[in-house]
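Per-entry structural report
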Number of protein chains: 6
Amino acid sequence: MPIVPILSDEDAPAASREVFEDIRRTRKTDFVNNFWRALAHDPALLRRTWESVKEVMAPGALDPLVKEMIYVAVSATNNCEYCICSHTAAARAKGMTDQMLMELLAVVGMANETNRLVNGLQVPVDEAFKPHD
Amino acid sequence: MPIVPILSDEDAPAASREVFEDIRRTRKTDFVNNFWRALAHDPALLRRTWESVKEVMAPGALDPLVKEMIYVAVSATNNCEYCICSHTAAARAKGMTDQMLMELLAVVGMANETNRLVNGLQVPVDEAFKPHD
Amino acid sequence: MPIVPILSDEDAPAASREVFEDIRRTRKTDFVNNFWRALAHDPALLRRTWESVKEVMAPGALDPLVKEMIYVAVSATNNCEYCICSHTAAARAKGMTDQMLMELLAVVGMANETNRLVNGLQVPVDEAFKPHD
Amino acid sequence: MPIVPILSDEDAPAASREVFEDIRRTRKTDFVNNFWRALAHDPALLRRTWESVKEVMAPGALDPLVKEMIYVAVSATNNCEYCICSHTAAARAKGMTDQMLMELLAVVGMANETNRLVNGLQVPVDEAFKPHD
Amino acid sequence: MPIVPILSDEDAPAASREVFEDIRRTRKTDFVNNFWRALAHDPALLRRTWESVKEVMAPGALDPLVKEMIYVAVSATNNCEYCICSHTAAARAKGMTDQMLMELLAVVGMANETNRLVNGLQVPVDEAFKPHD
Amino acid sequence: MPIVPILSDEDAPAASREVFEDIRRTRKTDFVNNFWRALAHDPALLRRTWESVKEVMAPGALDPLVKEMIYVAVSATNNCEYCICSHTAAARAKGMTDQMLMELLAVVGMANETNRLVNGLQVPVDEAFKPHD
């Protein structure tokens, strides 16, 4: 039940269709998923978001699989079903096994738990952890 | 301004001091940070949390540096200052460079952004991303 | 799959039916949506929530359309599907276009992103932004 | 570093001073804490919030100590330092011991952990837990 | 649409089936709900989570019904449908009435509201609420 | 206590200094606030974030004051002190009065409250609010 229609190539504005083409070229697939088709109502938002994702998720000091797993960790913390499904699929395509997924979620769960123990007790940061004097 | 006193070794219950000793043995350091000293008011909570952290953060299908970075990603999403500082320090001790940290946070920021674009538009999950029929 | 039954006028307690009548008078419609019908199990909670919403969302220093858009911004941040749908509908009824919605969500996404960049780097507040000495 | 000045009795609008007096009468103390003094810039917001808190936190089907502990649980989940401190103090004044606080936070931590395990795995609700057919 | 298959007793690893048996013995029922069947892909995660839940939710300084209601409060704050449904069911089985549920949610709503009023105004903690000098 | 040093013009990489210059030109001020000076460690992240903020916050279908208030609404929901301070200052510079701020926060508080009432009761979306058949 999307808030705005999911646009087909035919219904998307020309400026958004151009972004669809770059998505296809970059990912070497004809498939353009619903996220981009919803953003396509606003070509500026679509282009900006796609350019940013392309740059952020590219290989760098971190490898793309680690980046996808971080994406899943954030999405599970925020409970975004779409992003959990799409980035888990992307991480698996890059080599994440079921065991890696389970360990990833174990860390996510533990961090969410200890974050709240710290909050509830208002634990002060140790001098040893302070990054700059 | 902690909610309960941060316990020194002397003030901690005997059962909590035993956990402190295991922390020292496991981490090969005399340092026991404030998080454990706050939990020490409840030896059962302290022991359970420490045993879980020890198991979850150990090498497995994911390496410990990746696990620390996932911890930072969750803590930055939840804005837990203590956990951001302590796990950034831990990740650096395991080899995370400044450039890796900046890329990690770029992914965290991007995921938090696109999670809300998806929410606001209620984008339906593509068939291709559905894990099981 | 509601946790408590959605109450029809017939099944609602008399004190809750009175609130339904005020909703109808105020909004000039016979329609009473599910949110109020779920709260109707607790007439005090229903009355208090309705009186507050009526007061908060009325014209004031901010116009009602801006208030509806702020409601959507919070609901998208929290991923509350019901509130996203109902307040997007309310904002549209007050004049929000698709382009306004897309710009609203672009700001929501950007704020959620930069909030986490700030968290992860623990950026100190500039003197120039401190409101009171 | 409050965003608006914390208002003394002298500086508060007359309509807000009236609410201060009701806070004093209800709580049988001369002390009016900063939260109300910040809201006092907007007498309508102050009155509405105080009336709601007074009603919600009063004895009912749940006793006031349980209500204070639920308040702490939510505030620790959201990391609201002010509310953690003020409602922990209120809960202690109503009889919460340190052991009760530690158990409360253990549940809060566990719930935040399992919420994310469920999210990350998108576990479907069992038929047995569905409240209505 | 779970991310990993929900495992039947037959398909679960032997080490996970042992945990299922402990769940059955402890709860005096043959029913093992989907949460445990999803975790069963990782016997270590399953065992650790079950042992922790069993310990945390047992009678202590807080009674089990209060603990279940705190679980519901956190899950409603985080919007975890599965946990809302399962822990509301558990609380009802321990004696929570509809009126208790409505009051619980009223406190949850109020806390989520005042947390944000405090955030937005950056209200400083009163000296009287500071736990330690 | 920032995680990375806040970079002066002298210490920032040349590519980041160029972005500082664009910030100065665009905002017609010599002041470059700490957020950008922290991001300056990663010129690509700095440039991308600044270009996006510049585009998103510019006048469009929504006016810049409304956009700043939406930014404040999200930041108060997430409790990001830096963003609350900086965007409240920006909104005031664009004409937001104290009364407008108080009404804005009243809506933010109310939305955070009703979001959780809806979650806790799992209220189904009314047909009338469903955007597309």
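Just so it is clear, the model here is predicted, and its values are computed rather than measured.

Parameters and conventions
Residues numbered from 1 in each chain as written. Chains lettered and ligands numbered in written order. Predicted model: local features only at pLDDT ≥ 70, side-chain atom pairs only at ≥ 80, totals over all residues. Heavy atoms only, no water. Helix = DSSP H or I, 4+ residues; strand = E, 2+ residues; numbered from the N terminus. Rg over C-alpha atoms; globule rule 2.2 N^0.38 Å. Phe/Tyr/Trp six-rings, centres within 6.5 Å; stacked < 30°, edge-to-face > 60°. Lys NZ or Arg CZ within 6 Å of the ring centre and 35° of its normal. Least-squares fit on C-alpha atoms with pLDDT ≥ 70 in both. Contact = heavy atoms within 4.5 Å. Buried area = accessible area lost by both parts, 1.4 Å probe. Salt bridge = Lys/Arg side-chain N within 4 Å of Asp/Glu carboxyl O. Nonpolar A, V, L, I, M, F, W, Y, C, P; charged D, E, K, R; others polar. Axes fitted to C-alpha atoms, helices over the stretch in contact; angles between N-to-C directions. Parallel < 35°, antiparallel > 145°, perpendicular 65-115°, else oblique. Left-handed = near helix turned anticlockwise from the far one by under 90°. Domains from an automatic or database assignment.

The number of helices and strands found in chain A is six helices and zero strands. Ordered by position from the N terminus, the helices and strands of chain A form the series α-α-α-α-α-α. In terms of overall size, chain A is more extended than a compact globule, its C-alpha atoms giving a radius of gyration of 19 Å where 133 residues would be expected to give roughly 14 Å. Projected onto its principal axes, the C-alpha coordinates of chain A cover approximately 55 × 35 × 30 Å.

Turning our attention to the packing of aromatic side chains. Applying the stated criterion across every chain, the model contains 24 aromatic pairs over all chains. Site record: aromatic cluster; members linked through ring pairs are F31 and Y82 of chain A together with F129 of chain B. Seen from the ring of F20 of chain C, R37 of chain C lies directly overhead, with NZ or CZ sitting 5.0 Å from the centre.

This brings us to the relation of the copies chain F and chain A. Once turned by 180 degrees and shifted 0.0 Å along the axis, chain F lies on chain A with an RMSD of 0.0 Å. The operation mapping one copy onto its partner corresponds to a two-fold rotation axis. Most of the interface of chain F is mirrored in chain A, where 100% of its interface residues are also at the interface.

By a widespread convention, an interface's size corresponds to the accessible area lost as its parts come together. Facing 64 residues of chain A, the contacting portion of chain B comprises 64 residues. Summing the contributions of chain A and of chain B, the shared interface buries around 5,600 Å²; its carbon and sulfur component is 77%. By the criterion of area lost to chain B, the three top residues of chain A are V107, L121 and F129 of chain A, representing 11% of everything that side buries. The tally of links from chain A across to chain B stands at two salt bridges. Here E103 of chain B makes a salt bridge to K67 of chain A, at a shortest N to O gap of 3.2 Å. Contributions of two or more residues to the side of chain A that touches chain B are made by α2 (34–39), α3 (43–56), α4 (64–78), α5 (81–93) and α6 (98–121) of chain A. Of all the elements, α6 of chain A adds the most residues to the side of chain A that touches chain B, at 18 residues. A breakdown of the residues in the side of chain A that touches chain B according to their chemical character gives 42 nonpolar, 16 polar and six charged.

Contacts between chain F and chain A engage 14 residues on the former and 14 residues on the latter. Together chain F and chain A conceal approximately 1,200 Å² of surface at their shared face, both sides included; 67% is due to carbon and sulfur atoms. Applying the counting rule to chain F against chain A returns two salt bridges. For the salt bridge of E55 of chain F with R48 of chain A, the shortest nitrogen-to-oxygen distance reads 2.8 Å.

The next subject is the packing of helix α6 (residues 98–121) of chain C against helix α4 (residues 64–78) of chain F. Across the interface, α6 of chain C lies against α4 of chain F with an axial gap of 9 Å and an inter-helix angle of 45 degrees. Taken together, α6 of chain C and α4 of chain F sit at an angle that is classed as oblique. Classified by chirality, the crossing of α4 of chain F by α6 of chain C is right-handed. Listed contacts from α4 of chain F to E103, L104, V107, V108, M110, A111, N112, T114, N115 and R116 of chain C of α6 of chain C are K67, I70, Y71, V74, S75 and N78 of chain F. A breakdown of the residues in the contact of α6 of chain C with α4 of chain F according to their chemical character gives eight nonpolar, five polar and three charged.

Turning our eyes to something else, we now look at the domain arrangement of chain A. Structurally, chain A comprises domain 1 (1–56) and domain 2 (60–105). Computed over C-alpha atoms only, the centres of domain 1 of chain A and domain 2 of chain A are separated by 21 Å.

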